[in-house]
Amino acid sequence: MTTEPAQPQHIAIIMDGNGRWAKKRFLPRTVGHVKGAAGVRRIVKACADRDIQYLTLFAFSTENWRRPPEEVSTLMDLFVQYLQKEMADMSKEGVRLRVIGDRSAFSADLQARIAAAEQATAHNTTLHLTVAANYGGQWDILQASRAWQKANPTLSIHDLREQDLAAYLSTADLPDPDLLIRTGGESRISNFLLWQMAYTEMYFVDDYWPDFDEASLTKALTWFASRVRRFGRTDDQVANAANAAS
Ligand code: IPE
Ligand code: IPE
Ligand code: MG
């Protein structure tokens, strides 16, 4: 926890810029989403090839329901298609899929497909792919608090410790992200993994998501490798711990 790993164990990505990618080409936004969905396959493979163990992708936020209904419905259709087309191949490559977020808002068909894909890939261990859909960091903290209270009806809120709450977050069995990548030029986290990113290195890049390829990932990893992760300590403490470990 004191030295900087050369490579992140867990990468989280805010896949932003699909709409602007399309607009720049005088195409409808939905074309950008189709291109963006293809990019998911590419980045999953690139991460597996680089031995990244955990990849978490922000696909749809709790705020994205505010978009025009046609766009929301395209995004839902793409999700269904993705589960239909790509999961078999990804499963062969050892990808385990999990979906986090409030899935009760999805159609019964989509919910069933998600559950089936999770079940079919539950034994895989090469890459843990988590898709955040109808996910919000604030929602996650709230649902974790409620779940903790439900599980501990005799305890008071004063008994609640940080590690107790973390155990009820939807990412409870994942390590916290080491690296966040956000494409599309914005420097914000838009209600993604708020609790979990307390010490995540944040990489904001102007490329639109459909243009983010293997070379872009390599650049992000090179940037990450140059960071010193202090976790509140001083540079000297970090250097001493690294020397002691080697
Ligand atoms: C990200 O691209 C995809 C989702 C939010 C679902 P956007 O659709 O936000 O693209 P821009 O930001 O409008 O370019
Ligand atoms: C964040 O992108 C959500 C996803 C990529 C799924 P948005 O495009 O929705 O973010 P804002 O609204 O610009 O902050
Ligand atoms: Mg956007």
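Residues numbered from 1 in each chain as written. Chains lettered and ligands numbered in written order. Predicted model: local features only at pLDDT ≥ 70, side-chain atom pairs only at ≥ 80, totals over all residues. Heavy atoms only, no water.

So, on to the side chain of threonine 130. Note that threonine 130 resides in strand β4 (residues 127-135). Its relative accessible area of 1% is what places threonine 130 among the buried residues. (Helix = DSSP H or I, 4+ residues; strand = E, 2+ residues; numbered from the N terminus. Buried < 20%, exposed > 50% of the residue type's maximum accessible area, 1.4 Å probe, protein only.)

In this section: the site of ligand 1. Taken together, 13 residues surround ligand 1, and among them Met15, Asp16, Gly19, Arg20 and Arg67 come closest. At 3.3 Å from an oxygen atom of ligand 1 is found a main-chain nitrogen or oxygen belonging to glycine 17. Between an oxygen atom of ligand 1 and a main-chain N or O atom of asparagine 18, the distance comes to 3.1 Å. In isolation ligand 1 has 380 Å² of accessible area, and contact with the protein removes 87% of it. (Near = heavy atom within 4 Å. Polar contact = N/O pair within 3.5 Å; in protein donor to acceptor, adjacent residues only side chain to side chain. Areas by Shrake-Rupley, 256 points an atom, 1.4 Å probe, with all protein chains shown as cover.)

It is worth spelling out the packing of helix α3 (residues 69-92) against helix α4 (residues 108-120) at this point. For the pair α3 and α4, the least separation of the axes is 10 Å and the interaxial angle reads 15°. When the axes of α3 and α4 are compared, the pair comes out roughly parallel. Both α3 and α4 take part in a crossing whose hand is left-handed. The residues of α4 that touch α3, namely those facing Met76, Phe79, Val80, Leu83, Gln84, Met87 and Ser91, are Asp109, Leu110, Arg113, Ile114, Ala117 and Ala120. Along the lines of polarity and charge, the residues of the contact of α3 with α4 split into 9 nonpolar, 2 polar and 2 charged. (Axes fitted to C-alpha atoms, helices over the stretch in contact; angles between N-to-C directions. Parallel < 35°, antiparallel > 145°, perpendicular 65-115°, else oblique. Left-handed = near helix turned anticlockwise from the far one by under 90°. Contact = heavy atoms within 4.5 Å. Nonpolar A, V, L, I, M, F, W, Y, C, P; charged D, E, K, R; others polar.)

What follows is about the nonpolar core. Counting residues in hydrophobic clusters, the biggest one holds 42 residues, and the most contacted among them are Ile11, Leu55 and Ile181. Here this core takes 9 residues from α3, the largest share from any one element. In contact with isoleucine 181, not counting residues within four places along its chain, are Ile11, Ala12, Ile13, Ile14, Tyr203, Val205, Phe212, Leu217 and Ala220. Core analysis: the next-biggest nonpolar cluster, separate from the first, contains 10 residues, Phe58, Ala132, Tyr135 and Phe192 among them. (Core = buried A, V, L, I, M, F, W, Y, C linked by side-chain atoms within 4.5 Å.)

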